[in-house]
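Listed below, chain by chain, are the residues.
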Amino acid sequence: MTPLDYGYLRKLLKDRSGLDLSSDKQYLVESRLIPLARKAGMPGIAELVAKIKSGSDAMTSEVVEAMTTNETFFFRDKIPFDHLREAVLPALVQARANRRALRIWCAASSTGQEPYSIAMCIKEFPALAGWRVEILATDLSQEVLEKSKAGLYSQFEVQRGLPIQMLVKYFTQTGELWQLNADIRAMVQHRQLNLLQDFSHLGTFDVIFCRNVLIYFDQETKAGIFDRMARMLEADGDLALGAAESVVGISDAFRPYPERRGLYRSNPERTARGAAMPQALKMVAAAAR
Ligand SMILES: C[S@@+](CC[C@H](N)C(=O)[O-])C[C@H]1O[C@@H](n2cnc3c(N)ncnc32)[C@H](O)[C@@H]1O
C-alpha cells in the first residue's frame, strides 16, 4: 500500500467511524482490506481506493465495516454486570417505582452478547418483574446487528463468559449453534447508529453501556460523545464504560463512582440536560426560571 493510499484511508476511517489510526498501522489496514479487495475481484488496495474515490458508497461502507473491531463476549469483564445487579438496578427500582419503566442503551453493541447479557440480568432481577424495560442495542455495523438480531451463537461464543446455568435456561440448541430464546431476544431492540452522528432523537436513558469502542477514537471525539451522552442520561442514571476507558482528563460531563470502577454518573454541576447546552440556550433556560 502506498503512503498516499494509507493517508487517504486513514482520513476516510477517521471521518466515517471515528477510528483513529496512528501512522504505523499499515499492516492492520492491509490485513483487513486485502481480503476484501480479493473478494471484490480486485488485485489490491490501490484498486479498492480507486473504487471508493469513484463514489462507491457500498465499497466505502464495506471498508469501514471491515476495519471495525467487533470483539465481544457474554458478561464481558463481569464487573459492569455486578455493578448493574448490585447498585444500578436496586437504585432504579426505588427511584422509578411509580413509572415502573426503564430505558437502557447499549451503544456499540456488536453481535449482541452485551445487550443480551443485560437482558438476562434484568430477567433475573425479581423486583423488575412486570416492569417495561426497553433495551436499545445500536452499532455502526449492519452486519453485526443482523447477527445480534438472529441471536444465534456458536459453541465457542457461548463458552466465553456465559454461565452454564444461563446457557441451559435461556438458549436452545439448533444443530451446532445455540439460539437465545425468543423472550430474551424480544427484550432487545436493534438500530444502526454511528456515534459520530447526532443521537439525541433516541430520547433519554436510565443506563448507558458504552464499552470498548471509545478506545478507538481520539480525545476530541470522545469528549464530544461524552457531552452528548450526558444530555441523554437521566440525572440519576449511570454510564458504564469499558475497562480501558475513562472520562477522567477528557470530559467533566460525568464523574466516576469512587468505589465502582468503570461506572459514572452525570456531573451535577453540569446537569444532564445542561451538560453541553450551548451558552445561548443556557441563558434562555436561566431567564425562564
Ligand atoms: C469491540 S466492539 C465492543 C462490543 C461491546 N460493547 C463489548 O464491549 O463487548 C466495538 C463495536 O463498536 C462498533 N463501532 C465502531 N465505531 C463505531 C461508531 N462510530 N459508532 C457506533 N459503533 C461503532 C463496532 O462496529 C463494534 O461492533
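Since the structure is predicted, the reported quantities are computational estimates derived from the model, not experimental observations. (Residues numbered from 1 in each chain as written. Predicted model: local features only at pLDDT ≥ 70, side-chain atom pairs only at ≥ 80, totals over all residues. Heavy atoms only, no water.)

1. Some remarks on the sheet that holds strand β5 (residues 177–180)
Working step 1: The three strands are arranged β3-β5-β4 in an open sheet whose pairing can be described as antiparallel. Looking at strand neighbours, the two that pair on one side only are β3 (152–154) and β4 (171–174), the edges of this open sheet. When the angles between neighbouring strand axes are averaged without regard to direction, this sheet yields 35°. (Pairing = 2+ DSSP bridges. Helix = DSSP H or I, 4+ residues; strand = E, 2+ residues; numbered from the N terminus. Axes fitted to C-alpha atoms, helices over the stretch in contact; angles between N-to-C directions.)

2. Brief notes about the side chain of Thr 60
Working step 1: Structurally, Thr 60 can be placed in helix α4 (residues 57–67).
Working step 2: Classification of Thr 60 by relative accessible area gives buried; the value is 4%.
Working step 3: When sequence neighbours within four positions are dropped, the list of residues in contact with Thr 60 reads Leu 12, Arg 16 and Ile 52. (Buried < 20%, exposed > 50% of the residue type's maximum accessible area, 1.4 Å probe, protein only. Contact = heavy atoms within 4.5 Å.)

3. A look at the site of the ligand
Working step 1: As a matter of local geometry, the ligand sits amid 20 residues, with Thr 72, Ala 108, Glu 114, Asp 139 and Asn 212 nearest to it.
Working step 2: At 2.8 Å, a side-chain N or O of Glu 114 approaches a nitrogen atom of the ligand.
Working step 3: About the coverage of the ligand: the protein hides 98% of its 600 Å² of free accessible area.
Working step 4: Residue composition of the shell around the ligand, grouped by class: six nonpolar, nine polar and five charged. (Near = heavy atom within 4 Å. Polar contact = N/O pair within 3.5 Å; in protein donor to acceptor, adjacent residues only side chain to side chain. Areas by Shrake-Rupley, 256 points an atom, 1.4 Å probe, with all protein chains shown as cover. Nonpolar A, V, L, I, M, F, W, Y, C, P; charged D, E, K, R; others polar.)

4. Concerning unusual backbone geometry
Working step 1: Of note, the phi angle at Asp 77 is positive, near 70°, even though the residue is not glycine.
Working step 2: Within the element layout of this structure, Asp 77 appears in the loop between α4 and α5 (79–95).
Working step 3: Positive phi outside glycine occurs at Arg 100, with the angle close to 50°.
Working step 4: As for its placement among the helices and strands, Arg 100 is situated in the loop between α5 and β1 (101–107).

5. Quick look at the pattern of salt bridges
Working step 1: If you walk through the whole model with that rule in mind, you get 18 salt bridges.
Working step 2: A salt bridge links Arg 265 to Asp 238, with the nearest nitrogen and oxygen atoms 3.1 Å apart. One end of the pair, Arg 265, is in strand β10 (residues 260–266); the other, Asp 238, is in strand β8 (residues 233–241), and 27 residues separate them in sequence.
Working step 3: Three or more residues joined by partner-sharing salt bridges are found here, namely Asp 77, Glu 114 and Arg 211. (Salt bridge = Lys/Arg side-chain N within 4 Å of Asp/Glu carboxyl O.)

6. Observations concerning the state of the cysteines
Defined simply, a disulfide is a covalent bond joining two cysteines at their sulfur atoms.
Working step 1: For the structure shown, the criterion picks out zero disulfides.
Working step 2: With no disulfide of its own, Cys 106 has Cys 210 as its nearest cysteine by sulfur position, at a separation of 8.6 Å.
Working step 3: Its relative accessible area of 0% is what places Cys 106 among the buried residues.
Working step 4: Of the residues examined, Cys 210 reaches a relative accessible area of 0% and is grouped as buried. (Disulfide = S-S within 2.5 Å.)

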